[in-house]
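# Notes for the structure review
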Amino acid sequence: MKNSFIKDIAFYVPEKILTNDDLSTMMDTSDEWIKTRTGIHKRHSTGDSNMGPADLAVLASSKLLKKLNMDKSEIDFVVFATSTPDYYVPGSGALFQEKMGLENIGVLDIRQGCSGFTYGLSVADKFIKTETYKNILVIGSEVQTTQLDYDNDGRGTAVLFGDGAAACLLTSTNDDRGILSAHLHSDGRYIDDLSSSHPSSKYKDIITKENIKDRKHHIHMNGREVFKHAVRRFKEVILEGLDYNNLSVDDVDMVIPHQANYRISQTVQKQLDIDQDKVFSNIHNYGNTTAASIGIALSEALEQNKINKGDIVVLASFGAGFQWGSVVIKW
Ligand code: ACO
């Protein structure tokens, strides 16, 4: 059987920066509150550019292909993870394909919120291990800032999120390396603790003026509940992945957690009793970029030479659903 490994990864964030001070002019918040509670200093935003996740993904993927010196015709399949799709129908994968000029290859959309990247890698891994495809582009891309409620009512959520995209090439190899395991979970009892319910096909009008007045098209979050479950599930699913591979926390060289909140990462690091420099964090610069965050973090960890060949790297996610997962990789 073949193995699958991440040959390279690149990311793109829009130029416009939203600082905590910028947000303080839009709602009753402060730089100090945001930094202390979340670790976030700034985030990037598409602003008024009308760029969607497919546009950001094209820029990240073009960077990746340039780094790899690879022609787009060598890509066999695309997995596109986003929770903020360009269209209601079809998924952003189809828009991405058209914008990239990828001819008639399959594209698959993943709607798993912050767990989109781990779910996406897991699916791509299976296609490679079954020798269906050799080169799969796995993308996490989000434009969150256009759907946030930048009002006092939404301040507990709006300060967290930012826009960005990451794209990696998952490639087939005969070498003893790459994705060792993926463990995925969900618990739909908590849907209402983190969701954006409209537009919804349940209702005749899909989206009404009343729904908009009630702010149902914005994401709503019960922050404390999310926090509580996140710290539990991150630890659990990381240990599940390690156990499956007969590895212990001592064997881990780097954990790349979904960048939800710096305090969540710190709590998980303490619970696992792992060195702080083995839990990568870049949330201060980007905020929570949902499906893109693990890819952006992995990309920066590689740029900073924090991951070497043969290292055990654990990607871990938790988000809306709730849905969570881990991917253990021998780099
Ligand atoms: N600025 C100033 N004050 C605020 C803000 C703000 N932006 N937001 C909330 N507050 C106030 C609250 O109103 C509250 O005031 P009160 O005490 O007078 O009632 C006070 O600050 C404390 O609020 P809490 O919600 O208890 O603050 P907490 O310390 O829990 O931090 C946070 C909130 C940052 C949201 C935290 O709960 C958290 O990080 N939760 C997890 C978030 C997360 O990981 N989300 C993942 C999303 S991923 C996806 O799948 C889309």
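Look a little higher up for the structure.
This section reports on the structure supplied with the text. Note that this is a predicted model, so its numbers are computed, not measured. (Residues numbered from 1 in each chain as written. Predicted model: local features only at pLDDT ≥ 70, side-chain atom pairs only at ≥ 80, totals over all residues. Heavy atoms only, no water.)

Moving on: the site of the ligand. Taken together, 24 residues are adjacent to the ligand, and Thr29, Cys114, Arg224, Asn261 and Ala320 come closest. Here an oxygen atom of the ligand and a side-chain polar atom of Arg224 are 2.6 Å apart. Note that an oxygen atom of the ligand is positioned 3.1 Å from one of the side-chain N or O atoms of Arg263. The protein chains hide 76% of the 1,000 Å² of surface that the ligand would expose on its own. Taken together, the elements giving at least two residues each to the shell around the ligand come down to helix 2 (31-38), helix 6 (155-158), helix 8 (223-244) and helix 9 (262-272). Per-element tally for the shell around the ligand: the top contributor is helix 8, with 4 residues. Of the residues assigned to the shell around the ligand, the class counts are 12 nonpolar, 7 polar and 5 charged. (Near = heavy atom within 4 Å. Polar contact = N/O pair within 3.5 Å; in protein donor to acceptor, adjacent residues only side chain to side chain. Areas by Shrake-Rupley, 256 points an atom, 1.4 Å probe, with all protein chains shown as cover. Helix = DSSP H or I, 4+ residues; strand = E, 2+ residues; numbered from the N terminus. Nonpolar A, V, L, I, M, F, W, Y, C, P; charged D, E, K, R; others polar.)

Taken together, the buried positions of helix 4 (residues 92-100) are occupied by Ser92, Gly93, Leu95, Phe96, Gln97 and Met100. Gly101 sits one or two residues past helix 4 and shows a positive phi near 70 degrees. (Buried < 20%, exposed > 50% of the residue type's maximum accessible area, 1.4 Å probe, protein only.)

Time to look at the environment of Gly154. Looking at the element boundaries, Gly154 is found in the loop between strand 6 (135-142) and helix 6. Residue class for Gly154 comes out buried when judged on its relative accessible area of 9%. For Gly154 and His218, which are 64 residues apart along the polypeptide, the C-alpha to C-alpha distance reads 8.4 Å.

Below, the discussion takes up the pairing of strand 11 (residues 254-257). Residue alternation in strand 11 divides its side chains into two sets, Met254 and Ile256 and Val255 and Pro257, and both sets are buried. Relative to strand 12 (residues 312-319), strand 11 runs parallel, the two sharing 4 bridges. The residue of strand 12 that forms the bridge with Pro257 is Ala316. (Pairing = 2+ DSSP bridges.)

What follows is about the environment of Glu303. If you trace the backbone, Glu303 turns up in helix 11 (residues 293-303). In sequence terms Glu303 and Val58 are 245 residues apart; their C-alpha atoms lie 20 Å from each other.

To continue, consider unusual backbone geometry. Residue Pro90 is reached from Val89 by a cis peptide bond, and omega for that bond is -5 degrees. Summarising the element assignment, Pro90 is placed in the loop between strand 4 (77-81) and helix 4. In this chain, Gly321 is followed by Phe322 through a cis amide linkage whose omega measures -5 degrees. With respect to the helices, strands and loops of the structure, Phe322 is situated in the loop between strand 12 and strand 13 (323-330). The phi dihedral of Asn50 is positive, around 60 degrees, even though this residue is not glycine. The topology assignment puts Asn50 in the loop between strand 3 (42-44) and helix 3 (53-68). On the accessibility criterion, Asn50 (75% relative accessible area) is exposed.

This part covers the sheet that holds strand 1 (residues 3-12). Taken together, 5 strands build an open sheet; the order of strands is 1-7-6-4-5 and the sheet is mixed. Edge positions in the sheet fall to strand 1 and strand 5 (106-110), since each has one partner strand and no second. Averaged over neighbouring strand pairs, the angle between their axes works out to 20 degrees when direction is ignored. Summarising the sheet, strand 4 and strand 5 pair through 5 bridges and their orientation is parallel. When the bridges of strand 5 are listed, Val79 appears paired with Leu108. Seen against the sheet, helix 3 touches strand 1, strand 4, strand 6 and strand 7 (164-173) and runs at an angle of roughly 115 degrees to strand 1. Contacting strand 1, strand 4, strand 5, strand 6 and strand 7, helix 5 (residues 116-129) crosses the sheet at an angle of about 170 degrees to strand 6. (Axes fitted to C-alpha atoms, helices over the stretch in contact; angles between N-to-C directions. Contact = heavy atoms within 4.5 Å.)

Strand order in the open sheet formed by 4 strands is 8-13-12-11, and the pairing between neighbours is mixed. Every other strand in the sheet has two partners, leaving strand 8 (178-186) and strand 11 as the edge strands with one partner each. Averaged over all pairs of adjacent strands, the angle between their axes in this sheet comes to 15 degrees, without regard to strand direction. As paired elements, strand 12 and strand 13 share 8 bridges and run antiparallel to each other. Residue Ser317 lies in a different strand from strand 13, and its bridge partner there is Gly325. Contacts from helix 8 reach strand 8, strand 11, strand 12 and strand 13, with the element oriented near 145 degrees to strand 12.

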